[in-house]
Amino acid sequence: MASTRISNLQNAVKPPSLILPPSQEAVHMRMKSPQSSADRLSQSKSMVLQESDLPKNPISRHRRNQSQHNVLAAEGLSAFEPCVELKGEHLNVAKISQSGKKQRKNWTAMWSVLTSGQLRFYKEKQETLKPGSKTDVVQLCGAVIEWTTEKSSRKNVFQVITNTGSEYLLQTDSHSTANKWYDGIRKAIDNSTKLPLRRSNSTEYLPRHSSLPAYASASPNTKPRNTVHRRSINMFSSSKLKHSASDSADKNGVKNRLKKFINRRPSMKTLKEKGLIKDRVFGCHLLTLCEREGTTVPKFVQICLDAVEKQGLEADGIYRVSGNLATIQKLRFIVDQEEALDLDHSQWEDIHVITGALKLFFRELPEPLFPFRFFTPFVETVKIKESKLKIQAVKKLIQELPKPNRDTMKLLFGHLHRVLEFSKENLMSTQGIGIVFGPTLMWPELDTGNMAVNLVYQNQIVEFILIESQEIFNLDGK
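In what follows, the accompanying structure is described. (Residues numbered from 1 in each chain as written. Predicted model: local features only at pLDDT ≥ 70, side-chain atom pairs only at ≥ 80, totals over all residues. Heavy atoms only, no water.)

Per the secondary structure count, the protein includes 17 helices and eight strands. The contacts of the protein with a sequence gap of at least 6 include a subset with a gap of at least 24, amounting to 63%. Here the protein displays about 30800 Å² of accessible surface, and carbon together with sulfur accounts for 53% of that area. (Helix = DSSP H or I, 4+ residues; strand = E, 2+ residues; numbered from the N terminus. Contact = heavy atoms within 4.5 Å. Areas by Shrake-Rupley, 256 points an atom, 1.4 Å probe, with all protein chains shown as cover.)

What follows is the structure, given as structure tokens:
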């Protein structure tokens, strides 16, 4: 009887067993018992859900925990750089593009103000105080900034390209000021691009997690998206696409117009037949000119030599004194246009104009009167000390020249020999004529040697041929 009472008393003292739902089987009830701290720690860990079942930064959606959410938002914003503001400074500004369309570059001193996300330009400092003043606002969100030396010859120039395709050039003479504004605008662009586009006190700022019921997506096929990242990418890609599309369209248009122009362009033969293009005299190869004229001596050379001898060889400093350059160019233009040339006209009464035009003709030959391949042989020949051997060597080389070169050379040196007959009146000597005509009648194809040495040899060759012209060219002494 006593044992029955004791068992009933124990059953009355025993606490009722707890029936847990299936979903909470993993949760253990902590009982107040004298246990070790390690046991209590293990039991407390069992109250926490597994990491795979929670987002990385779980935040309670209850209003009393809203302060925790604000703290997280503040911590996220603290990762960005502080806003940079530069107020009140004159910069030289040029807007070269508006929404992808190029504009004429026009530098203007503007009062510049940099705020978070915007760059403002005022014409005057006082306009910043007027609420309705006209200003140019540059949105820095998604913009690109870089230094440039190709779009302006000024120093310390950098450009800002907005996400709408507008381009601005900014410049200042002070290198430190330019660096300060460049760094400030760059930081403002970075901040405006990195800042989240949602409100910091909104729960939508947090990433959605598919494992939590409150964050479950409406559709099973919907994938989580990083809207901030996608929007920043779209800002840069849209600007690049606008630039590339406009540039490629302009290039294709230019290419198509050039192709049409080239296809419609008439041939050289047609232009010559219509008289729009005429063969030049100055700058034409000697052989080509003689073949076109059907002679062995260019007609212009013959006309000039006859006019000089007709006007008189007694002119002081003939071939040494330069004529009026404008008049010489006018004479050249008339000859190239194949117009009727009358050197007896009063506008050509200055003999130095005619001699200057003749020297210009020889200087503009693509290949000089002494052809390139004969330059070295003539230099080696003039080094011969024996006079008779030198004459024979020079005579042999001249005989090997093409007939137009040989006949023109014979006519020219015969004329210069007659000029020397009036040396007392015109004060010209063989050495003076050699200095004038040496670099005019011959020069090397490639200036590989010493230019001063070559110039000496050129003068000596012309001077020697002039002295021995009667024997070399078999002149009759007229």
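The structure having been displayed, the exposition proceeds.
This part takes up unusual backbone geometry. In this model, S99 sits at a positive phi of 55°, which is unusual for a non-glycine residue. Mapping S99 onto the fold places it in the loop between β1 (86–98) and β2 (101–102). Of the residues examined, S99 reaches a relative accessible area of 45% and is grouped as partly exposed. In the Ramachandran plot, Y319 falls in the positive-phi region, its phi being about 70° despite a non-glycine side chain. (Buried < 20%, exposed > 50% of the residue type's maximum accessible area, 1.4 Å probe, protein only.)

A word on the packing of aromatic side chains. Tallied over the full model, the rule gives eleven aromatic pairs. Between W147 and F158, the ring centres sit 5.4 Å apart and the planes meet at 75°, which makes this aromatic pair edge-to-face. You can see W147 sitting in strand β6 (residues 144–147) and its partner F158 sitting in strand β7 (residues 157–161), a full eleven residues away along the chain. Connected via pairs of aromatic rings, a cluster forms that spans F282, F300, F361 and F362. Residue placement shows K390 over the ring face of F464; its charged tip is 5.0 Å from the ring centre. (Phe/Tyr/Trp six-rings, centres within 6.5 Å; stacked < 30°, edge-to-face > 60°. Lys NZ or Arg CZ within 6 Å of the ring centre and 35° of its normal.)

The next point concerns the packing of helix α11 (residues 375–382) against helix α12 (residues 387–399). Packing of α11 against α12 brings their axes to within 9 Å, and their N-to-C directions diverge by 165°. Taken together, α11 and α12 sit at an angle that is classed as roughly antiparallel. Crossing of α11 against α12: the hand is left-handed. In contact with P377, F378, T381 and V382 of α11, α12 contributes K390, A393, V394, L397 and I398. Among the residues forming the contact of α11 with α12, the class breakdown is seven nonpolar, one polar and one charged. (Axes fitted to C-alpha atoms, helices over the stretch in contact; angles between N-to-C directions. Parallel < 35°, antiparallel > 145°, perpendicular 65-115°, else oblique. Left-handed = near helix turned anticlockwise from the far one by under 90°. Nonpolar A, V, L, I, M, F, W, Y, C, P; charged D, E, K, R; others polar.)

For the rest of this paragraph, the subject is the pattern of salt bridges. By the definition in use, this model includes nine salt bridges. The partner of R332 in a salt bridge is E364, and the shortest N-O contact between them spans 2.8 Å. Of this pair, R332 sits in helix α9 (residues 325–336) while E364 sits in the loop between α10 (351–363) and α11, and the two are 32 residues apart along the sequence. By sharing partners, the salt bridges in this structure join R332, D336 and E364 into a single network. (Salt bridge = Lys/Arg side-chain N within 4 Å of Asp/Glu carboxyl O.)

With six of eight residues buried, strand β3 (residues 108–115) is to be regarded as a mostly interior element. Sheet topology note: the β3/strand β4 (residues 118–122) ladder contains five bridges and is antiparallel. Counterpart to W111 in the pairing with β4 is Y122. Between the end of β3 and the start of β4, which pair antiparallel, lie two residues, with G117 showing a positive phi angle near 90°. (Pairing = 2+ DSSP bridges.)

For helix α8 (residues 299–311), with 13 residues, the first-to-last C-alpha span of 18 Å sits near the 18 Å given by 1.5 Å per residue. Looking at the buried residues of α8, the elements they touch are α9, α10 and α13 (403–420). Remark: G312 follows α8 within two positions and exhibits a positive phi of approximately 125°. (Expected span 1.5 Å × (residues − 1).)

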